[in-house]
Amino acid sequence: MKILGIESSCDETGIAIYDTQKGLIADQLYSQIELHAQYGGVVPELASRDHVRKIVPLIRQTCEEADLQLSDLDGIAYTAGPGLVGALLVGACVGRSLAWALGIPSVEVHHMEGHLLVPLMEEERPEFPFLSLLVSGGHTMLVDVQGLGQYKILGESLDDAAGEAFDKTAKMLGLPYPGGRYIAELAEQGDPKRFDFPRPMINRPGLDFSFSGLKTHTRVTWEKHRGNNNDQQLKADIAACFQLAVIDTLCRKCVRAIKQTGYRDLVIAGGVSANTLLRQMLAENGQKHGFQSYFPALNLCTDNGAMIAYAGAMRLLKQKDFNHEIHAWPRWNLESLN
Ligand code: KG4
Ligand code: ZN
């Protein structure tokens, strides 16, 4: 079965084809980052318009890469939410219409389910059930993954998502958008011990997160010390302390969730899963506490069409009823998928 995946929930148009026999056979991505960079964040209307411009040419390009005709496709999967409603509608309209015209099924995919399942495309992958840490620009969640579509949220962020905290801190330090990877790069030249940043919600029971206080703490530190000739070193030190505080908090909550669930496998996904320090510290914690971490390939951590094609293929293999109704769900509870 060959499934075309369409991702358009935010500022990336991602199109890919997943073949249930051969694996990923084409993967194209168009990023709008340059378009939004001058505004320091995503402008929803500009995002929708750019998806309209790019989506059909990118589908053609993806078919060329796979050496396939549209008529060779067996199904279409598209991100139906959560995300920016106008951007989602572009993918939903194209996905449903194309499937209708080709007489093949189409399936709605939850963006976070796409992230969550993509590490399972790797050769070394865990069996269900397992624990998942989802860390993106919009979400931070610990999820008990009992099977396909069977998700129980054990904890989540009460305010900013981890990626969002990275992005806002980067903006404050004058780094480009989206700032996660620039903070990580700058942190390499910084001293993570110069300031003692808080680890939010660690002294409270439970698995929820909160990064907004840490973000404020970072701002106060920056404003207190800035202004001398050593601002560049100060920025690097702040980036290092901030990054360590976020990653350490994520790791400690993962260990707590592993102990609580008794699982031995942890799947990490979403844009922040590209972070090197997170990968290192989870590996160390895994050795100490007896669990194995699984990450997506680096090019599949941030938004992409492959994760939607793969999740769609898994769903199409199971699902029996199909319709052609066009919906977009800006907010969509992951637990409601079962
Ligand atoms: O999953 P994603 O592409 O989009 C959403 O679904 O939100 O995640 C994007 C987020 C951004 O906040 C970005 O700054 C963050 O992932 N990110 C990183 C790194 N690479 C991307 N954060 C920390 N370290 C990185 N290396
Ligand atoms: Zn995402």
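To keep things clear, this report deals only with the structure shown in the data block. (Residues numbered from 1 in each chain as written. Chains lettered and ligands numbered in written order. Predicted model: local features only at pLDDT ≥ 70, side-chain atom pairs only at ≥ 80, totals over all residues. Heavy atoms only, no water.)

Brief notes about the state of the cysteines
Right, so step 1: For the coordinates displayed, the defined rule picks out zero disulfides.
Right, so step 2: Take C63: it sits in no disulfide, and the sulfur closest to it among the cysteines is that of C93, at 19 Å.
Right, so step 3: Counting only cysteine sulfurs, C251 is the nearest neighbor of C241, a cysteine outside any disulfide, at a range of 16 Å. (Disulfide = S-S within 2.5 Å.)

Quick word on the site of ligand 1
Right, so step 1: Taken together, 18 residues are adjacent to ligand 1, and H115, G137, D167, G180 and D303 come closest.
Right, so step 2: Isolated, ligand 1 exposes 550 Å² of accessible area, and the fraction of that covered by the protein chains is 87%.
Right, so step 3: For the shell around ligand 1, the secondary structure elements donating two or more residues are α4 (111–117), α5 (162–172) and α6 (180–187).
Right, so step 4: For the shell around ligand 1, the leading source of residues is α5, giving three residues.
Right, so step 5: In the shell around ligand 1, the residues fall into four nonpolar, 11 polar and three charged. (Near = heavy atom within 4 Å. Areas by Shrake-Rupley, 256 points an atom, 1.4 Å probe, with all protein chains shown as cover. Helix = DSSP H or I, 4+ residues; strand = E, 2+ residues; numbered from the N terminus. Nonpolar A, V, L, I, M, F, W, Y, C, P; charged D, E, K, R; others polar.)

Some remarks on the coordination of the zinc ion (ligand 2)
Right, so step 1: At the metal site, the zinc ion (ligand 2) is ligated by H111 (NE2), H115 (NE2) and D303 (OD), and these contacts range over 2.0 to 2.1 Å.
Right, so step 2: Positions of the donor residues of the zinc ion (ligand 2) along the chain correspond to the pattern H-x3-H-x187-D. Of this pair, H111 sits in helix α4 while D303 sits in the loop between β10 (292–294) and α10 (305–318), and the two are 192 residues apart along the sequence. You'll find H111 and D303 in the same group, each marked buried. (Donors = N, O, S within 2.8 Å, 3.2 Å for Na, K, Ca; no water. Buried < 20%, exposed > 50% of the residue type's maximum accessible area, 1.4 Å probe, protein only.)

What to know about the pairing of strand β3 (residues 23–31)
Right, so step 1: With eight bridges joining them, strand β2 (residues 12–19) and β3 adopt antiparallel strand pairing. Note that in β3 the partner of E12 across the bridge is S31.
Right, so step 2: Linking β2 to β3, which pair antiparallel, is a turn of three residues. (Pairing = 2+ DSSP bridges.)

Describing the packing of α6 against helix α8 (residues 231–261)
Right, so step 1: Viewed as axis vectors pointing N to C, α6 and α8 meet at an angle of 110°, and their least axial separation amounts to 8 Å. Between α6 and α8, the crossing angle belongs to the class labelled roughly perpendicular. Classified by chirality, the crossing of α8 by α6 is left-handed. Contacts between α6 and α8 involve I183, A184, L186 and A187 from the first element and Q232, K235, A236, A239, A240, F242 and Q243 from the second. (Axes fitted to C-alpha atoms, helices over the stretch in contact; angles between N-to-C directions. Parallel < 35°, antiparallel > 145°, perpendicular 65-115°, else oblique. Left-handed = near helix turned anticlockwise from the far one by under 90°. Contact = heavy atoms within 4.5 Å.)

Comments concerning a nonpolar patch on the surface
Right, so step 1: Together, V85, L89 and I326 make up a nonpolar patch on the protein surface, roughly 220 Å² of accessible area in all.
Right, so step 2: With respect to the helices and strands, L89 occurs in helix α3 (residues 85–102).
Right, so step 3: With a relative accessible area of 35%, L89 lands in the partly exposed category. (Patch = residues over 30% accessible without salt bridge, like charges linked within 9 Å, V, L, I, M, F, W, Y side chains within 5 Å. Salt bridge = Lys/Arg side-chain N within 4 Å of Asp/Glu carboxyl O.)

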